[in-house]
Amino acid sequence: MSFCSFLGGEVFKDHFQPGIYVCAKCGHELFSSHAKYEHSSPWPAFTETIHEDSVSKRKERPGALKVSCGKCGNGLGHEFLNDGPKRGQSRF
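Residues numbered from 1 in each chain as written. Predicted model: local features only at pLDDT ≥ 70, side-chain atom pairs only at ≥ 80, totals over all residues. Heavy atoms only, no water.

Just to check I follow, could you spell out the sheet that holds strand S6 (residues 55-61) for this structure?
Spatially, S6-S7-S8 is the arrangement adopted by the three strands of the open sheet, whose pairing is antiparallel. Both outer strands of the open sheet, S6 and strand S8 (75-80), are each paired with one neighbouring strand and no more. Put simply, the sheet's adjacent strands are angled 30 degrees from each other on average, direction ignored. Summarising the sheet, S6 and strand S7 (residues 64-69) pair through six bridges and their orientation is antiparallel. Each bridged residue has a counterpart across the sheet, and for Arg-61 the counterpart in S7 is Ala-64. (Pairing = 2+ DSSP bridges. Helix = DSSP H or I, 4+ residues; strand = E, 2+ residues; numbered from the N terminus. Axes fitted to C-alpha atoms, helices over the stretch in contact; angles between N-to-C directions.)

Put into structure tokens, the structure is as follows:
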């Protein structure tokens, strides 16, 4: 499963079949379906990455980190700190 095709609409927001979400540019593993949850945003929401090096992060503003593919640097969106389904969890 490729992650986030912004040009043609997001096809994986309501997709909950088991699998691995990968970078649309290079195929690097990003998220497991086990970490996916329903959220009101227009994009899929995850609580954690599949590997420690799945993504790279840089602070963009308080409470939000800019997230890129850990292998090729493709932009993936944000990590919103303390905005996950449980107290203290982040939302990717």
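What is the right way to read the pattern of salt bridges from this model?
Applying the stated criterion across every chain, the model contains three salt bridges. Its salt-bridge partner being Lys-57, residue Glu-79 comes within 2.8 Å of it at the nearest N-O pair. Highlighted residues: Glu-79 in strand S8 and Lys-57 in strand S6, separated in sequence by 22 residues. Given a relative accessible area of 5%, Glu-79 falls into the buried group. Residue classification places Lys-57 among the partly exposed positions, given a relative accessible area of 47%. (Salt bridge = Lys/Arg side-chain N within 4 Å of Asp/Glu carboxyl O. Buried < 20%, exposed > 50% of the residue type's maximum accessible area, 1.4 Å probe, protein only.)

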